[in-house]
Amino acid sequence: MSETKKHYLTVQDMVLVAVFTALISVCSWITIPAAAGQVPFTLQTFAVFVAAGILGAKRGTLAVIVYLLIGFAGAPVFAGFAGGLSVLASPTAGYLIGFIFTALIVGFSTKIVKQKNEMKKIVVMAAAMILGVVVYYIFGTIWFMFVTEMNLVSSLTLCVIPFIIPDLVKIAVAIIIINRLKKYVQIFN
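Predicted model, so just to flag it, every value in this text is computed and none were measured. (Residues numbered from 1 in each chain as written. Predicted model: local features only at pLDDT ≥ 70, side-chain atom pairs only at ≥ 80, totals over all residues. Heavy atoms only, no water.)

Okay, the overall build of the protein chain next. Regarding its fold elements, the protein chain presents 6 helices and 2 strands. Scored against the burial criterion, the 189 residues of the protein chain give a buried share of 41%. Long-range contacts, defined here as pairs at least 24 residues apart, represent 69% of the contacts in the protein chain between residues at least 6 apart. Total accessible area on the protein chain stands at roughly 10,300 Å², and carbon and sulfur atoms take up 73% of it. (Helix = DSSP H or I, 4+ residues; strand = E, 2+ residues; numbered from the N terminus. Buried < 20%, exposed > 50% of the residue type's maximum accessible area, 1.4 Å probe, protein only. Contact = heavy atoms within 4.5 Å. Areas by Shrake-Rupley, 256 points an atom, 1.4 Å probe, with all protein chains shown as cover.)

As structure tokens, this is what we get:
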């Protein structure tokens, strides 16, 4: 008879998920209103990158899901101290849902980068984060178009183009932080 190993979260896993959920929440409060649009500049994306890059796919995605559930339950953890189910009716809700898939993509890339070659790790992680950005841009832009009834060009002008450079900077900083902190988090594994 073969035994199947069940994969439960340990206490350390739960603590790490809670810490990174809090990090995402705090980073969502750090906003710069966008001049032309309804989508503010925040550090949420940065925190999602760091959470998934350090915790991996399972725990990193769980941190994002817990963050979303806390926010949808009414806690003011979203940008602008927003919270509650009414956020789902906002033009930016698609970005929040897209964060789940971004965390999965970045988290799974951590399994690929187990190699000792630092440059390959950085390239794979950067590529995964760029793909993650594209995915949440897609979710966010589609939802933005649905809620605001704007066309694709107008939506991309408001919701994507102004964010490309800041998101690339977030990716660069996130990779540096992940490489510095990853060894400390592995102590818990």
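How two aromatic rings sit relative to each other is set out by the distance from centre to centre and by the angle between their planes. As enumerated under the stated definition, the model contains 9 aromatic pairs in all. The interplanar angle of 75° and the centroid separation of 6.1 Å between the aromatic rings of Y95 and Y136 together place this pair among those described as edge-to-face. Of this pair, Y95 sits in helix α3 (residues 93-112) while Y136 sits in helix α4 (residues 118-148), and the two are 41 residues apart along the sequence. A relative accessible area of 7% places Y95 in the buried class. (Phe/Tyr/Trp six-rings, centres within 6.5 Å; stacked < 30°, edge-to-face > 60°.)

What follows concerns the environment of I175. Of note, I175 is situated in helix α6 (residues 164-185). According to the relative accessible area criterion, I175 is buried, its value standing at 9%. A C-alpha to C-alpha distance of 9.8 Å links I175 and V123, two positions 52 residues apart in sequence. Every residue in contact with I175, bar those within four places of it in the chain, is listed here: I122, M125, A126 and M129.

The next subject is the nonpolar core. Across soluble globular proteins, nonpolar side chains have a tendency to be buried as a group. Within the largest apolar cluster, 43 residues are counted, with the highest numbers of intra-cluster contacts made by F20, I24, V64, L68, F78 and M129. If you list the elements that add at least two residues to this core, you get α1 (11-29), α2 (44-72), α3, α4, α5 (152-159) and α6. At 14 residues, the largest contribution of residues to this core is made by α2. The residues contacting F78, other than those within four sequence positions of it, are S28, W29, Y67, L68, G71, F72, G83, V87 and L96. (Core = buried A, V, L, I, M, F, W, Y, C linked by side-chain atoms within 4.5 Å.)

Before going further, it helps to spend a moment on α1. One turn of an α-helix holds 3.6 residues; hence residues three or four places apart share an orientation. A rise of 1.5 Å per residue sets the reference length of α1, with its 19 residues, at 27 Å; its end C-alpha atoms lie 28 Å apart and thus fit the reference within 8%. For α1, the full list of buried residues reads D13, L16, V17, F20, T21, I24, S25, C27 and S28. (Expected span 1.5 Å × (residues − 1).)

This next bit is on the packing of α2 against α3. The axes of two packed helices give the description: the angle between them and the distance between them. Where α2 meets α3, the closest approach of the two axes is 8 Å, and the angle between their N-to-C directions is 155°. The orientation of α2 with respect to α3, classified from their angle, is roughly antiparallel. Remark: the crossing between α2 and α3 carries left-handed chirality. Residue classes in the contact of α2 with α3 are distributed as 17 nonpolar, 9 polar and no charged. (Axes fitted to C-alpha atoms, helices over the stretch in contact; angles between N-to-C directions. Parallel < 35°, antiparallel > 145°, perpendicular 65-115°, else oblique. Left-handed = near helix turned anticlockwise from the far one by under 90°. Nonpolar A, V, L, I, M, F, W, Y, C, P; charged D, E, K, R; others polar.)

As a further point, take α2. Across its 29 residues, α2 extends only 16 Å between first and last C-alpha, which sits more than 12% below the 42 Å expected from 1.5 Å per residue. The largest bend along α2 reaches roughly 140° and is located at G56. Among the 29 residues in α2, 23 count as buried, and that is most of the element. Where α2 terminates, the next one or two residues include G74, which has phi positive at roughly 125°. (Bend = angle between axes of the 7 residues up to and from the residue.)

Taken as a whole and judged by the stated rule, the model has 2 salt bridges. Of the charged contacts, one joins R59 and D13 as a salt bridge, the two residues approaching to 3.0 Å between their closest N and O atoms. In this pair, R59 is assigned in helix α2 and D13 in helix α1, connecting sequence segments 46 residues apart. Of the two residues, R59 and D13, neither departs from the other in class, the shared state being buried. The residue K170 makes a salt bridge to D167 at a minimum N-O spacing of 3.1 Å. One end of the pair, K170, and the other, D167, are both in helix α6, 3 residues apart, so they sit about a helical turn from each other. When its relative accessible area of 10% is taken as the criterion, K170 is described as buried. (Salt bridge = Lys/Arg side-chain N within 4 Å of Asp/Glu carboxyl O.)

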